[in-house]
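Understanding the architecture of this molecule
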Amino acid sequence: MTATRFLYVSVIAIAIAMTLASWLPARADGEVNVYSYRQPFLVQPLFDTFEKQTGTKVNVIFASKGLIERMIEEGESSPANVLLTVDIGRLNQAATAGIAQAVDSEVLKSNIPASYRDAENRWFALTTRARVVYASKERVSQDSITYEELADPKWKGRICVRSGQHAYNLGLFASMIANNGEEQTLKWLEGLKANLARTPGGGDRAQVESVYSGECDIALANTYYMGAMQTNEKEPEQKKWAEAVSILFPNKDTRGTHVNVSGMVMGKHAPNRDNALELMEFLSGDEAQRIYAGLNFEYPVKPGVPWSDRVRSWGEFKADDISLNEVARFIPLASQMVDQVGFND
Ligand SMILES: [Fe+2]
């Protein structure tokens with residue numbers, strides 16, 4: 001980007017930020033401002049319930065990109081009390097970019113297991129999703145699998161996966177480094193690359209479509225996409241993709257399946273800390289957990305909250321209990337390795 005263009009983009013970003021800052025009440029009693037990377041259909045029902053129960057009004061800005069950057073630009077005048085996002089990589093980025101503040105709450109600590117919240121209390125998970133193998137019902141007969149095994153030459157030309165640099169894959173690869181070490185993971189990544197049916201690309205669902213069409217036999221994807229395909233009335237052909245595969249939860253007999261999260265942080269300069277905390281504690285509670293996880297076919301982060309029937313139909317599984325704090329440390333290295341092995345080439 002040229003200097004002029006960068007300046008231009010920055011000026012626009014600041015202008016947008018200032019407009020938003022003036023649009024959202026900076027400090028209003030009985031209100032709480034949320035920046036959400038998560039889509040309206042997922043979070044609005046939660047906010048409606050929260051408003052009904054507490055009388056506190058939730059103002060939301062939705063965007064699929066740029067909210068963290070916006071909070072950095074806004075600095076001390078940021079109206080954001082709470083930021084909602086997905087992925088340990090992005091939660092950790094929010095924490096390390098200095099836009100989050102530590103929250104010391106007994107409610108959050110007791111509702112959210114330590115593996116799924118920041119050791120320094122800056123981010124907290126709300127839902128979990130497993131990164132699993134979608135296997136062709138027709139062409140794959142084994143009913144269990146390990147991540148390690150994906151590098152075995154028996155899968156040569158049979159695996160489909162999205163970009164190695166996508167946050168979902170970086171989370172998985174970072175968990176491999178955390179569990180198996182750097183050297184072994186590099187070898188594994190080379191082996192996985194050698195087994196790919198085609199250049200990585202497309203979203204998670206596109207990989208499952210490729211299993212359906214016969215281009216590959218197994219794909220890596222997050223669990224909730226199974227629900228999204230099974231219930232897709234807008235693009236009903238996706239039901240056929242889902243019908244063609246079964247979910248295998250990798251490493252079920254060893255350390256368990258890699259899980260990632262969606263979560264939240266409290267804005268560093270939250271103008272209304274009490275209301276922000278009230279909302280965060282509500283989101284970690286039983287009712288919100290059931291609603292939130294149910295809407296996107298995810299797993300509640302709070303132990304003991306029932307899974308939806310559809311999610312339960314995919315089977316029980318053991319989650320790798322390594323702390324996401326540990327996984328987050330290795331994401332930059334995982335990203336480096338992806339380039340090193342030419343994973344996306
Ligand atoms: Fe996703």
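Placed above this text is the structure.
These numbers were taken from a predicted model, which means no experiment stands behind them.

1. Details of the overall build of the protein chain
Check the secondary structure of the protein chain and you find 15 helices and 10 strands. Compactness check: the protein chain gives a C-alpha radius of gyration of 21 Å against a globular reference of 20 Å for 345 residues, within 12% of the reference. By the burial criterion, 54% of the 345 residues in the protein chain qualify as buried. The contacts of the protein chain with a sequence gap of at least 6 include a subset with a gap of at least 24, amounting to 78%. Approximately 14900 Å² of the protein chain is accessible, and the part contributed by carbon and sulfur atoms is 51%. Positive and negative side-chain charges of the protein chain, numbering 36 and 43 respectively, have mean locations separated by a distance of 3 Å.

2. Digging into the nonpolar core
Of all hydrophobic cores here, the largest spans 108 residues; its most connected members are Leu83, Tyr134, Leu150 and Met264. The leading source of residues in this core is strand 5 (residues 124-136), at 8 residues. Apart from the residues within four sequence positions on either side, Leu150 is in contact with Val133, Ile145, Trp155, Ile159, Trp188, Gly191, Leu192, Asn195, Ile218 and Leu220.

3. Let's talk about the state of the cysteines
In total, this model carries 1 disulfide according to the counting rule given. Note on cysteine connectivity: Cys160 is disulfide-linked to Cys216, with sulfurs 2.1 Å apart. Given an S-S torsion of about -105 degrees, the disulfide between Cys160 and Cys216 has left-handed geometry. You can see Cys160 sitting in strand 6 (residues 159-160) and its partner Cys216 sitting in the loop between helix 8 (204-213) and strand 7 (218-222), a full 56 residues away along the chain. The exposure class assigned to Cys160 is buried, which follows from its relative accessible area of 0%.

4. Describing the environment of Leu283
Tracing the backbone through its elements, the reader meets Leu283 in helix 11 (residues 273-283). Setting aside chain neighbours within four positions, we find Leu283 in contact with Leu46, Leu84, Leu126, Met264, Ala288 and Gln289.

5. Describing the coordination of the iron ion
Protein coordination at the iron ion: the donors are Tyr168 (OH), Tyr224 (OH) and Tyr225 (OH), at 2.0 to 2.1 Å from the metal. Mapped onto the sequence, the residues coordinating the iron ion show the spacing Y-x55-Y-Y. Judged by its relative accessible area of 14%, Tyr225 is buried.

6. Brief notes about the side chain of Ser36
Structurally, Ser36 is set in strand 1 (residues 31-36). The class for Ser36 is buried, based on a relative accessible area of 0%. The contact partners of Ser36, leaving out residues within four places of it in the chain, are Val43, Val60, Ile61, Phe62, Ala63, Leu67 and Leu84.

7. With respect to the packing of aromatic side chains
As enumerated under the stated definition, the model contains 8 aromatic pairs in all. With centroids separated by 5.7 Å and ring planes inclined at 65 degrees, the aromatic side chains of Phe173 and Phe343 adopt a geometry described as edge-to-face. Here the residue Phe173 occupies a position in helix 6 (residues 167-180), and Phe343 occupies one in the segment after helix 15 (331-340), the gap between them amounting to 170 residues. Take Phe343: its relative accessible area is 0%, and that puts it in the buried class. Their ring planes at 5 degrees and their centres at 4.6 Å tell us that Phe249 and Phe317 sit as a pair that is stacked. Pair noted here: Phe249 is in the loop between strand 8 (245-248) and strand 9 (259-267) and Phe317 is in the loop between helix 13 (309-313) and helix 14 (324-329), with a separation of 68 residues, a long-range link. Taken together through their ring pairs, the aromatic side chains of Phe249, Tyr299, Trp307 and Phe317 make up a single cluster.

8. Observations concerning the environment of Arg117
Here Arg117 lies in the loop between helix 5 (106-111) and strand 5. In this structure Arg117 comes out as buried when scored by relative accessible area, which is 14%. For Arg117 and Ile88, which are 29 residues apart along the polypeptide, the C-alpha to C-alpha distance reads 9.5 Å. Within the structure, the side chain of Arg117 is placed 3.2 Å from the backbone oxygen of Lys109, a separation counted as a polar contact.

9. Let's talk about the pattern of salt bridges
According to the stated counting rule, one finds 19 salt bridges in the structure shown. A salt bridge links Glu138 to Arg139; its shortest N-O distance comes to 3.9 Å. Note on Arg139: relative accessible area 32%, which makes it partly exposed. Across the pair Glu149 and Lys154 runs a salt bridge, and its minimum N-O distance is 3.0 Å. The class of Glu149 is buried, set by a relative accessible area of 17%.

10. Concerning unusual backbone geometry
Despite not being glycine, Asn121 has its phi angle at roughly 65 degrees, a positive value. For Asn121, the location among the structural elements is in the loop between helix 5 and strand 5. Residue Asn121 is classed as buried on the basis of its relative accessible area, which comes to 14%. For Asn251, which is not glycine, the phi dihedral falls at a positive 60 degrees. Along the chain, the position of Asn251 falls in the loop between strand 8 and strand 9.

11. So, the environment of Val327
Here Val327 shows up in helix 14. In this structure, the C-alpha to C-alpha distance between Val327 and Thr185, residues 142 residues apart in sequence, is 13 Å. The contact partners of Val327, leaving out residues within four places of it in the chain, are Gly171, Ala174, Ser175 and Ile322.

12. What to know about helix 8
Those residues of helix 8 lying buried are Asp204, Gln207, Val208, Ser210 and Val211. The buried residues of helix 8 occupy an angular sector of 150 degrees when the element is viewed end-on, so they sit on one face. Residue Gly214 follows helix 8 closely and has a positive phi angle near 95 degrees.

Scoring rules and cut-offs
- Residues numbered from 1 in each chain as written.
- Predicted model: local features only at pLDDT ≥ 70, side-chain atom pairs only at ≥ 80, totals over all residues.
- Heavy atoms only, no water.
- Helix = DSSP H or I, 4+ residues; strand = E, 2+ residues; numbered from the N terminus.
- Rg over C-alpha atoms; globule rule 2.2 N^0.38 Å.
- Buried < 20%, exposed > 50% of the residue type's maximum accessible area, 1.4 Å probe, protein only.
- Contact = heavy atoms within 4.5 Å.
- Areas by Shrake-Rupley, 256 points an atom, 1.4 Å probe, with all protein chains shown as cover.
- Lys, Arg positive; Asp, Glu negative; His and termini not counted.
- Charge placed at Lys NZ, Arg CZ, Asp CG, Glu CD.
- Core = buried A, V, L, I, M, F, W, Y, C linked by side-chain atoms within 4.5 Å.
- Disulfide = S-S within 2.5 Å.
- Donors = N, O, S within 2.8 Å, 3.2 Å for Na, K, Ca; no water.
- Phe/Tyr/Trp six-rings, centres within 6.5 Å; stacked < 30°, edge-to-face > 60°.
- Polar contact = N/O pair within 3.5 Å; in protein donor to acceptor, adjacent residues only side chain to side chain.
- Salt bridge = Lys/Arg side-chain N within 4 Å of Asp/Glu carboxyl O.
- Arc of directions from axis to C-beta.

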